[in-house]
Amino acid sequence: KNQVEQSPQSLIILEGKNCTLQCNYTVSPFSNLRWYKQDTGRGPVSLTIMTFSENTKSNGRYTATLDADTKQSSLHITASQLSDSASYICVVRAQSGTYKYIFGTGTRLKVLA
Amino acid sequence: GAVVSQHPSWVICKSGTSVKIECRSLDFQATTMFWYRQFPKQSLMLMATSNEGSKATYEQGVEKDKFLINHASLTLSTLTVTSAHPEDSSFYICSARNGQNYEQYFGPGTRLTVT
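Here is a short report on the structure shown in this document. For clarity, every value in this text was computed on a predicted model and none was experimentally measured.

What counts and how
Residues numbered from 1 in each chain as written. Chains lettered and ligands numbered in written order. Predicted model: local features only at pLDDT ≥ 70, side-chain atom pairs only at ≥ 80, totals over all residues. Heavy atoms only, no water. Contact = heavy atoms within 4.5 Å. Buried area = accessible area lost by both parts, 1.4 Å probe. Salt bridge = Lys/Arg side-chain N within 4 Å of Asp/Glu carboxyl O. Helix = DSSP H or I, 4+ residues; strand = E, 2+ residues; numbered from the N terminus. Nonpolar A, V, L, I, M, F, W, Y, C, P; charged D, E, K, R; others polar. Core = buried A, V, L, I, M, F, W, Y, C linked by side-chain atoms within 4.5 Å. Buried < 20%, exposed > 50% of the residue type's maximum accessible area, 1.4 Å probe, protein only. Disulfide = S-S within 2.5 Å.

**Notes on the interface of chain A and chain B**
Move 1: If you look at the interface, chain A gives 19 residues, while chain B gives 18 residues.
Move 2: Buried surface at the junction of chain A and chain B, both sides included, amounts to about 1,400 Å², of which 51% is carbon and sulfur.
Move 3: Applying the counting rule to chain A against chain B returns 2 salt bridges.
Move 4: Looking at the side of chain A that touches chain B, the elements with two or more residues in it are strand 4 (30-38), strand 9 (86-94) and strand 10 (101-103) of chain A.
Move 5: Among the elements that make up the side of chain A that touches chain B, the one with the highest residue count is strand 4 of chain A (4 residues).
Move 6: Among the residues making up the side of chain A that touches chain B, the classes are represented as 7 nonpolar, 7 polar and 5 charged.

Shown next, in the form of C-alpha cells:
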C-alpha cells in the first residue's frame, strides 16, 4: 500500500535554532517527492521537489535530502524564524498512469521567540 | 510560475443553502483538477478528481450528490456544496494538474462556515 509517514507530528523550537523533519514513504514506483509549507488557513506552497537521482536540494534556509534506497527524506530548517511556524507536508508522486499524489500527515512546527 | 486561484477565500452560509466554490488555473491548462478537504490539524483529504469534460471520480465515503463538481473548461472547476450543514464546515482546497508536466499546483483554499 502506498503510504507516506512523517515525524514528529509536532515540534516546538526556539527562534534561531535548527530542526529536521522526517518523511518515510512506501510509494512505488516513485516519481518525485515534494515538501510543502502550509500556513494556517492557506493552501500548501511548494518548498522543494526531488527526483530519484537527487540527494539534496536547498531553497534558502530549507534543505531537503532524499535517500531513494531507504525511501526516506528529511527537511532541515536552519536558523528558524517565527514565520517558519506552519505545517510541513511531505508528498510523494507515484510514477503511474494516474500520477497520484500521496500525502503525509504533516509536521506542525511552532517557533517561539 | 503556475498559479491556481480559488474564489471565494471564505464564505459563511446558513444551514440548508448551497454554496459554490471556484477553482481556476491562471496560466496553464489543467486537464485534471482535484478537490481536497482539510479539518483542523489534519492533512488534506482527497474528495474527488475531475477531468475536463467528464464526470468527477469521488473518493470512498464522499457523497457525489452533496458535493457537485463541474469541470467545464481546461481552466475552471467548481465545487458546489448542496444543502450545507454545520458538519460541512471545513477548509476546501483545490489543485490543478498541468496537462503537460503532470505536476499539481494548489489553490489558496476556501474556508466554509455553515451556521
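Having seen the model, we can carry on.
**Some remarks on the nonpolar core**
Move 1: Core analysis: the biggest nonpolar cluster contains 26 residues, and Val 4, Tyr 25, Leu 33, Trp 35, Leu 75 and Tyr 88 of chain A have the highest contact counts within it.
Move 2: For this core, the secondary structure elements donating two or more residues are strand 3 (19-25), strand 4, strand 5 (45-51), strand 7 (62-67), strand 8 (72-77), strand 9 and strand 11 (107-112) of chain A.
Move 3: Ranked by the residues each element gives to this core, the list is headed by strand 9 of chain A, at 5 residues.
Move 4: By size, the runner-up hydrophobic cluster in this structure holds 23 residues, among which are Val 11, Phe 28, Met 33 and Val 114 of chain B.

**Side note on the state of the cysteines**
Move 1: Counting across every chain of the model gives 2 disulfides over all chains.
Move 2: Bridging Cys 23 of chain A to Cys 90 of chain A, the disulfide has an S-S length of 2.0 Å. Between Cys 23 of chain A and Cys 90 of chain A the disulfide shows an S-S torsion of about -65 degrees. By sign, it is left-handed. With Cys 23 of chain A in strand 3 and Cys 90 of chain A in strand 9, this pair connects stretches of sequence that are 67 residues apart.
Move 3: Taking relative accessible area as the criterion, Cys 23 of chain A reaches 0% and is therefore assigned buried.
Move 4: Given the relative accessible area of 0%, Cys 90 of chain A is considered buried.
Move 5: The disulfide partner of Cys 23 of chain B is Cys 94 of chain B, and the gap between their sulfur atoms is 2.0 Å. In this structure, the disulfide formed by Cys 23 of chain B and Cys 94 of chain B twists by about 75 degrees around the S-S bond and is classed as right-handed.

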